Amino acid sequence: DETQDKCPQLAAVQTACPVVTVDASGSAKKGLATVLITTTSQAPVTVTGTVKLGKGKTAKLNGGTQVVLPGTISRFTLLFPKSLRDRLKALSRKASLKLSVLASATDLVGRVSTDTVNVKLKGQKKPPRKKGKRKPKA
């Protein structure tokens, strides 16, 4: 009976619909960030990211949307836009930028759950060549 079912969206559940929770972790390599997502219930998950480039400029990254099943790990890839790649190339290797990644999932009744993870993006500026004597070629 639908009037007694507290979660009509799931036939196997007669209690209140479960709230989906999202857990994210991330890492970065040259040119892209990888975010791993898990959920407690099946849900569509959307991943986006932002990086402050300085001087009031921001780079936005889009990892897309995937349906994530409970008990599985889904991989999202966020490609760096040209503005971010250029900024990292100009940034000293000792400096870094912070990529803030937001993963959001919507459960069956429309409730949104989110998780945020910060990923450190290291500068990639090549150190200047040392001037000095060159070794003679043999």
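About the criteria used
- Residues numbered from 1 in each chain as written.
- Predicted model: local features only at pLDDT ≥ 70, side-chain atom pairs only at ≥ 80, totals over all residues.
- Heavy atoms only, no water.
- Buried < 20%, exposed > 50% of the residue type's maximum accessible area, 1.4 Å probe, protein only.
- Helix = DSSP H or I, 4+ residues; strand = E, 2+ residues; numbered from the N terminus.
- Pairing = 2+ DSSP bridges.
- Contact = heavy atoms within 4.5 Å.
- Patch = residues over 30% accessible without salt bridge, like charges linked within 9 Å, V, L, I, M, F, W, Y side chains within 5 Å.
- Areas by Shrake-Rupley, 256 points an atom, 1.4 Å probe, with all protein chains shown as cover.
- Salt bridge = Lys/Arg side-chain N within 4 Å of Asp/Glu carboxyl O.
- Lys, Arg positive; Asp, Glu negative; His and termini not counted.
- Charge placed at Lys NZ, Arg CZ, Asp CG, Glu CD.
- Axes fitted to C-alpha atoms, helices over the stretch in contact; angles between N-to-C directions.

Engineer: Help me out: how do you make sense of the pairing of strand S5 (residues 74-79) in this one?
Structural biologist: The two faces of the sheet receive side chains in turn, since in a regular strand these alternate between them. Taking every second residue as pointing to the same face, the buried face of S5 carries Ser74, Phe76 and Leu78, while none of Arg75, Thr77 and Leu79 on the other face is buried. Examined bridge by bridge, strand S2 (residues 32-39) and S5 share six bridges and lie antiparallel to one another. Paired with Leu36 across the strands is Arg75, a residue of S5.

Engineer: Just checking my understanding: could you explain the side chain of Thr34 for this structure?
Structural biologist: Residue placement: Thr34 occurs in strand S2. In contact with Thr34, other than residues within four places in its own chain, are Ser25, Gly26, Ser27, Arg75 and Phe76.

Engineer: Where do I start with a positive patch on the surface in this structure?
Structural biologist: The grouping of Lys30, Arg85, Lys89, Arg93 and Lys126 at the surface amounts to a positive patch. Within the secondary structure, Lys89 sits in helix H1 (residues 82-90).

Engineer: Even after reading the chapter, I still don't get the sheet that holds strand S7 (residues 112-122), so can you show me in this structure?
Structural biologist: Backbone hydrogen bonds are what pair the strands of a sheet, in a parallel or an antiparallel way. One open sheet holds the four strands; their spatial order is S4-S3-S6-S7, and the pairing between them is antiparallel. Either end of the sheet is taken by a strand with one partner, and the two such strands are strand S4 (57-68) and S7. Across the sheet, the axes of successive neighbouring strands diverge by a mean angle of 20 degrees, strand direction being ignored.

Engineer: Would you mind going over unusual backbone geometry with me for this structure?
Structural biologist: The phi angle of most residues is negative, glycine excepted, and most peptide bonds adopt the trans form. Backbone geometry places Lys55, a non-glycine residue, at a positive phi of 55 degrees. Inspection of the secondary structure puts Lys55 in the loop between strand S3 (43-54) and S4. Classification of Lys55 as exposed rests on a relative accessible area of 86%.

Engineer: Whenever I open this one, the environment of Lys125 confuses me. Can you help?
Structural biologist: Secondary-structure assignment places Lys125 in the segment after S7. Aside from chain neighbours lying at most four places away, what touches Lys125 is Leu88, Lys89, Ala90, Leu91, Ser92 and Arg93.

Engineer: Please clarify how the pairing of strand S6 (residues 96-106) should be interpreted in this entry.
Structural biologist: What you see with S6 is a clean split: Leu97, Leu99, Val101, Ala103 and Ala105 sit on the buried side and Ser96, Lys98, Ser100, Leu102, Ser104 and Thr106 on the side with no burial. Bridge analysis of S3 against S6 gives seven bridges, and the strand direction is antiparallel. Bridging across to S6, Val51 finds its partner in Leu99. When S6 meets S7, the two strands line up antiparallel, connected through 11 bridges. Looking at the pairing, Ser100 lines up with Asn118 of S7. Between S6 and S7, which pair antiparallel and follow one another directly, the connecting turn spans five residues, one of which, Gly110, has a positive phi of 95 degrees.

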